[in-house]
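A structural walkthrough
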Amino acid sequence: MVSTIQVGFYNNYAMIFMPVRMLKTQLAAGITAGIGDLCADKDGVYSERVLRNLTYIFFFISSAVSVLLLGMTDLFIMVWLGQGFVMDKAAVYIAVLNIFMEMCFEPLWQFMEVSGLFDKDRNIGIAGSCLNLAVSAALGWQYGMAGIFMGTIASRTVQMILKAKVLYRNRFEKKEAGYLRMVFKMAAVFILMTVPVCLSAGAASNVSLASAFIIRLSAAVSAALAGCIIPFYKSTEFIFFKEFLCKFTDRHKRSGRKE
């Protein structure tokens, strides 16, 4: 199914992915208390708006980080360990997609944790675990690590849909279709972001490491900025994020002047 060599290769990548997962943990810890207060107030309209805004902010961060990982991780492995330790491109792509989903869906996971819907959330978790095991077992034999990661992606996708349905209908008292459309749009945009990054990897395959680094980094940064801004620049979530950044920058400048 999955050889010891494949697991060893992935462990090298996991060391690079670890700071990203730590960032996700820190961001989640920063919003948990506020989300708990929102759920205690039982203002469904405002809570839903906060969920959508947070989901866009986490999308912005997760997509930017993930395309950088997709474009740069292989280069780090080559410099660190050598060409022979580079994983299959499909496995790396699916692993990065998994990281993107893990970070982007975090606000929804946090809302469910503090919503009081523990029984329903537990059942969703059990269903997701069973699906993960079944898909991983079915695909792992043929695709190795990529098949196992596909099981995790399938599990996260189904759990996201079910959690959104339960949260919206039990807490926000409305249908979840609008939120799901936004999330699937974000996922589609992220996949489009990865296209120039993957193409740049092929274009930079016959140049020096320094040139490859510049080409891949430029492609990743350009794709992340274009993907995060252009499709969403008219949305209320993007407007909120832009205003939040402006207020944060102004506050930082004022505090700097006082010092």
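One can find the structure itself at the top, above this paragraph.
This text gives an overview of the structure that appears in the document. Just so we're clear, the structure is a prediction, and the values are computed from it rather than from any experiment.

**Examining the overall build of the chain**
When helices and strands are counted, the chain shows 9 helices and 0 strands. When the helices and strands of the chain are read in sequence order from the N terminus, they spell out α-α-α-α-α-α-α-α-α. On C-alpha atoms alone, the chain measures out to a radius of gyration of 20 Å, which is about the 18 Å that the 2.2 N^0.38 rule sets for 259 residues. Along the three orthogonal principal directions, the C-alpha set of the chain runs to about 55 × 55 × 35 Å.

**Brief notes about unusual backbone geometry**
For Glu173, which is not glycine, the phi dihedral falls at a positive 55°. You can call Glu173 exposed: its relative accessible area is 69%.

**Structural notes on the pattern of salt bridges**
Following the criterion strictly, the structure yields 10 salt bridges and no others. Of the charged contacts in the structure, one is a salt bridge between Arg21 and Glu102, with a shortest N-O distance of 3.0 Å. Of this pair, Arg21 sits in helix α1 (residues 4–41) while Glu102 sits in helix α3 (residues 89–104); the two residues are 81 residues apart in sequence, bridging distant segments of the chain. Of the charged contacts, one joins Arg52 and Glu237 as a salt bridge, the two residues approaching to 2.8 Å between their closest N and O atoms. Within this pair, whereas Arg52 is found in helix α2 (residues 44–80), its partner Glu237 is found in helix α9 (residues 236–258), the two being separated by 185 residues in sequence. Exposure remark for Arg52: the relative accessible area of 15% places this residue in the buried category.

**Description of the packing of α3 against helix α7 (residues 177–203)**
Direction vectors running N to C along α3 and α7 enclose 145°, while the axes themselves pass 12 Å from each other. Considering only the axes of α3 and α7, their crossing is right-handed. Residues Tyr93, Val96, Leu97, Phe100 and Cys104 of α3 touch α7, and the partners they reach there are Met186, Ala187, Phe190, Ile191, Thr194 and Cys198. Grouping the constituent residues of the contact of α3 with α7 by class yields 10 nonpolar, 1 polar and no charged.

**As for the nonpolar core**
Ranked by size, the top nonpolar core spans 70 residues in total, and within it Tyr56, Phe59 and Phe111 carry the most contacts. For this core, the secondary-structure elements that each account for two or more residues are α1, α2, α3, α4 (106–114), α6 (145–172), α7, α8 (209–229) and α9. Top contributing element to this core by residue count: α2, with 14 residues.

**Some details on α6**
In a regular helix each residue adds 1.5 Å, so 28 residues correspond to 40 Å; α6 covers 39 Å between its end C-alpha atoms and thus fits that length. Immediately downstream of α6, the backbone of Glu173 shows phi near 55°, a positive value.

**A word on the side chain of Ser66**
Among the structural elements, Ser66 can be located in helix α2. In contact with Ser66, other than residues within four places in its own chain, are Val96, Ile99, Phe100 and Phe190.

**Considerations on α7**
For α7, spanning 27 residues, the distance from its first C-alpha to its last is 40 Å, which sits close to the expected 39 Å at 1.5 Å a residue. If you check which residues of α7 are buried, you get Tyr179, Leu180, Met182, Val183, Met186, Val189, Phe190, Met193, Thr194, Val197, Ser200 and Ala201.

**Here we look at the state of the cysteines**
Inspection of every chain in the model, using the stated rule, returns 0 disulfides. Between Cys198, a free cysteine, and Cys228, which holds the nearest cysteine sulfur, the sulfur-to-sulfur gap is 16 Å. The exposure class assigned to Cys198 is partly exposed, which follows from its relative accessible area of 38%.

**A look at the packing of aromatic side chains**
On inspection of all chains with the given rule, the structure shows 17 aromatic pairs. Measuring from centroid to centroid gives 6.0 Å for Tyr56 and Phe59, while their planes differ by 45°, and the two rings are tilted. With Tyr56 and Phe59 both in helix α2, this residue pair falls 3 residues apart, about one helical turn. Take Phe59: its relative accessible area is 0%, and that puts it in the buried class. In this structure an aromatic cluster arises from ring pairing among Tyr56, Phe59, Phe60, Phe100, Phe190, Phe232, Phe238 and Phe241. Its end group placed over the ring of Trp109, Lys163 keeps NZ or CZ at 4.9 Å from the ring centre. The aromatic ring of Phe232 is capped on one face by Lys185, whose charged end is 4.7 Å from the ring centroid.

Rules used in this analysis
Residues numbered from 1 in each chain as written. Predicted model: local features only at pLDDT ≥ 70, side-chain atom pairs only at ≥ 80, totals over all residues. Heavy atoms only, no water. Helix = DSSP H or I, 4+ residues; strand = E, 2+ residues; numbered from the N terminus. Rg over C-alpha atoms; globule rule 2.2 N^0.38 Å. Buried < 20%, exposed > 50% of the residue type's maximum accessible area, 1.4 Å probe, protein only. Salt bridge = Lys/Arg side-chain N within 4 Å of Asp/Glu carboxyl O. Axes fitted to C-alpha atoms, helices over the stretch in contact; angles between N-to-C directions. Left-handed = near helix turned anticlockwise from the far one by under 90°. Contact = heavy atoms within 4.5 Å. Nonpolar A, V, L, I, M, F, W, Y, C, P; charged D, E, K, R; others polar. Core = buried A, V, L, I, M, F, W, Y, C linked by side-chain atoms within 4.5 Å. Expected span 1.5 Å × (residues − 1). Disulfide = S-S within 2.5 Å. Phe/Tyr/Trp six-rings, centres within 6.5 Å; stacked < 30°, edge-to-face > 60°. Lys NZ or Arg CZ within 6 Å of the ring centre and 35° of its normal.

By themselves, these observations are geometric and do not establish any function.
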